[in-house]
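Here are the chains, one letter per residue:
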Amino acid sequence: MTSLKNVLLAFCITWVITPALAQQKPSASVDQKIEALISQMTIEEKAGQLNIVVGETINTGPTMHTAESKKFDEQIRAGKLTGLFNVYGAAYTKRLQKIAVEESRLHIPLLFGADIIHGFKTVTPIPLGEAASWDLDLIRRSAQMAAREATSAGINLNFAPMMDISRDPRWGRISEGAGEDTYLGSRIAEARVKGFQGDKLSDPATMAACLKHFAAYGAAEAGRDYNTADISERVLQEIYLPPFKAAIDAGAATVMPSFNELDGVPATANRHLLQDILRKQWNFNGAVISDYGAVGEMINHGSSADGSKAVIHSLEAGTDMDMMSYLYISKIPELVKAGSLDVKYVDAAVRRILKLKFDLGLFDNAYLYSDEVREKKEVRSKENIALAREVARKSMVLLKNDNGLLPLRSSYKKIAVIGPLADNKEDMNGSWSFFGEATHPVSVLQGIKARVPASTEVVYHPGCNLFDNSRDKMTEAMTTAQGADLTLLVVGESAVMNGEAASRADIGLPGVQEDLVKMISKSGKPVVVVLLNGRPLTMEWLDQNVPAILETWTLGSEAGNAVADVLFGDYNPSGKLPVTFPRHVGQIPIYYNHKNTGRPYSGTNNEPASDRVYVSKYRDIKNTPLYPFGYGLSYTTFTYSEVTLNKATMKNGEQIEATVTVTNNGNYDGEEVVQLYLHDLVGSVTRPVKELKGFQKVMIRKGEAKKITFTITDKELTFLRGDMTWGTEPGMFEVLVGTNSDAVKKKSFELVK
Ligand code: GLC
């Protein structure tokens, strides 16, 4: 029997709990609900919707909490927080959400953001490593798994994918993106957005993506993080922006401006980026979230005289949410009341953030993402671990394998595993893995021990340290190597040597690791180097003296198992470099899609002596990279036929088909990434010597031949012409197809009017 008292109580609760929403008819559109909410908000509450702060345990930036700002419960109750980031856990996020929805005046639910850069608790390879798989569906599935895990722990906004093109391996954050190429980077950005967001943002297993860092952050001068990016509008438009455009076309929900200035204006307040391009040209209507403290850093940049000016400049340019500068929350009310800031900018920002929360389904069910039952089932599930191992296997790149030393034979009686990263679990998580546990990963040593035949003994020695130049363990390591049939040398960078604020001027093996390799190479026994790194390394001595080298990046939770899978031939390596490896740091920036210049130098030293002087080259080293973009070996061998074209000319609106036959004439089934490049020989502006325009990753069984066809249309021929319009120009083109950007078969055609 429902007593009058209960009815009255139910009415009061409804009236108290959802005054803002109670006045809207259920049939009101989202936009109407948003306007109704905004009409009831004080300026303080509006400022609160533009303020997101970091939790207390994972700090990803310089500004720390004040005693006041870390009183999250109070801040939420007072409507001063739109969300928190880098906090997680279904129970914890549910508790905070409950305060927002039940105890604040307007009951607006919270966002819970995080940097799920390559996996949540099940850690996958660093993004640069995953990019080396060139397997777009795998990359999408990897992001999808990360979303399933993170959302079960309350996360609904992911500050990823990072899609900064980088041509400078001194820059530590090259580890976080998809490498140097715009086409590959664009395809991978799309895959990651689809993985994180799925088809519906309100699906509890998907989370909003945040495209970062907008833009040209990877063009930091001298590879020094946060440094000035000074590039032409043409290079911005052709190289750095397309991955963002592709990701926005894939439906990305939010964007994060970068720390750097561009053309003299920090991205956080750069109207050209945030208004001309993002809002007007691309018609992006999602929320723009500042990077950590970036609004306040406008003062350091010298583009804003003080905090108030920084707020005005950022908000008017289009940065909607302030991450950790506390300036929006502290300055907006007084600036609007003083008439220094038009409230329309505040309302526009609030509108976009409320829209994000509606799209995430938070107004229908604020607890959608804090699901303890799902969390227990999802996090580090067997399926997720198995997928992490698959991604890790497919991310590795075989750089060298003289005389088929790999895969390892089961006849080895004793294998030495030597190196400072061999018996290391924590660093396998790589940079940007704040949620991965240090104890979770399988070390390389563990993986080898678990995989060797019972008849094989495994011995271990650290060899040297990562962070000092002590050589006192090397002699003992040498003895270990001499007593074994083969040595696996596990060397490279620790996770803190790449990633944010981890630029390196010398990109060789850190410490005395190269000396260790040189010593062990004299052991008289075969040596295989297993590389763990987050950037290209200068390693010419290794390339010239070590018979087998496997690039493993940092592979995450299943590192050791995946490395063993490849070393013992359970998986035939199929990765291709998404970034050029220089011979020497002095070559940087070095990338495959460079211009020809007026005095090109083939690097072969075959030119007549007279031609070798006045050409674009170094006196002391070769021009060529150590390993080119797209490079990677297999345990088998693939041979390519000549390229055939179904016609020699095409007109705009037509298409040409380029076909090669790839034959696996080795002893292993293997996957090959067949790459299509185009070279536009003459243009109203100079054109790169080649540009990646397509690729197909195919399994070719041993002894099998596969016909691979690429279709070339106007789209592949389009570029930013001399008049800054996108389009094609008639003339000769070369089609280049091959196993990497250097080893290609060529055929020409003409685009005719
Ligand atoms: C960091 C990074 C950014 C990250 C943010 C929040 O400084 O630049 O990529 O999403 O802060 O952790």
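This structure is a prediction, so every number in the text was calculated from the model and none was measured.

Colleague: What exactly am I supposed to notice about the nonpolar core here?
Modeller: One broad rule of soluble globular proteins: the nonpolar side chains tend to lie buried together. Ranked by internal contacts, the top residues of the largest apolar core, which has 153 residues, are Leu-84, Phe-214, Ile-332, Val-529 and Met-539. Among the elements that take part in this core, helix H16 (residues 343-359) stands out by supplying seven residues, more than any other. Setting aside residues up to four positions removed in sequence, Met-539 forms contacts with Leu-399, Leu-531, Ile-549, Phe-581, Leu-626 and Tyr-627. Core analysis: the second largest hydrophobic core is formed by 37 residues, Leu-406, Leu-421, Leu-466 and Leu-532 among them.

Colleague: Any chance you could explain the confidence of the model for the protein chain here in plain terms?
Modeller: Detailed reading of the predicted coordinates is not advisable wherever pLDDT falls low. Considering every residue of the protein chain, the mean pLDDT works out to 95; 95% of them sit at 70 or more. Long-range and interchain partners of residues 10-20, a stretch whose pLDDT sits below 50, account for 13 contacts in this model, where long-range means more than four residues apart.

Colleague: Please explain the sheet that holds strand E16 (residues 548-551) as it appears in this structure.
Modeller: Strand-to-strand pairing in sheets goes through backbone hydrogen bonds, with the strands running parallel or antiparallel. The sheet built from six strands is open, its strands ordered E11-E16-E15-E14-E12-E13 with mixed pairing. Of all the strands in the sheet, just strand E11 (397-401) and strand E13 (457-461) have a single pairing partner and so form its edges. Strand-to-strand twist of the sheet, defined as the mean angle between neighbouring strand axes without regard to direction, takes the value 15°. Here helix H20 (residues 474-482) sits on the sheet in contact with strand E12 (414-418), E13 and strand E14 (486-492), set at roughly 155° to E12.

Colleague: Teacher, can you tell me more about the packing of aromatic side chains here?
Modeller: For any pair of aromatic rings, the description consists of the separation of the ring centres together with the inter-plane angle of the planes. Across all of its chains, the model carries 22 aromatic pairs by this definition. With centroids separated by 5.5 Å and ring planes inclined at 50°, the aromatic side chains of Trp-134 and Phe-629 adopt a geometry described as tilted. Within this pair, whereas Trp-134 is found in the loop between helix H7 (127-131) and helix H8 (136-152), its partner Phe-629 is found in the loop between helix H23 (559-567) and strand E17 (638-640), the two being separated by 495 residues in sequence. Grouping residues by exposure puts Trp-134 and Phe-629 together as buried. Summarising the aromatic geometry, the rings of Tyr-635 and Tyr-668 are spaced 5.8 Å apart at their centres and angled 55° between planes, so their arrangement reads as tilted. On the criterion of sequence distance, the pair formed by Tyr-635 in the loop between H23 and E17 and Tyr-668 in the loop between strand E20 (656-664) and strand E21 (670-680) is long-range, its members being 33 residues apart. The rings of Trp-134, Tyr-183, Tyr-592, Phe-629, Tyr-677 and Phe-695 are connected pair by pair, giving a single aromatic cluster. If you follow Arg-187 out to its NZ or CZ, it ends over the ring of Tyr-183, 4.8 Å from the centre.

Scoring rules and cut-offs
- Residues numbered from 1 in each chain as written.
- Predicted model: local features only at pLDDT ≥ 70, side-chain atom pairs only at ≥ 80, totals over all residues.
- Heavy atoms only, no water.
- Core = buried A, V, L, I, M, F, W, Y, C linked by side-chain atoms within 4.5 Å.
- Buried < 20%, exposed > 50% of the residue type's maximum accessible area, 1.4 Å probe, protein only.
- Helix = DSSP H or I, 4+ residues; strand = E, 2+ residues; numbered from the N terminus.
- Contact = heavy atoms within 4.5 Å.
- pLDDT = per-residue confidence, 0-100.
- Pairing = 2+ DSSP bridges.
- Axes fitted to C-alpha atoms, helices over the stretch in contact; angles between N-to-C directions.
- Phe/Tyr/Trp six-rings, centres within 6.5 Å; stacked < 30°, edge-to-face > 60°.
- Lys NZ or Arg CZ within 6 Å of the ring centre and 35° of its normal.

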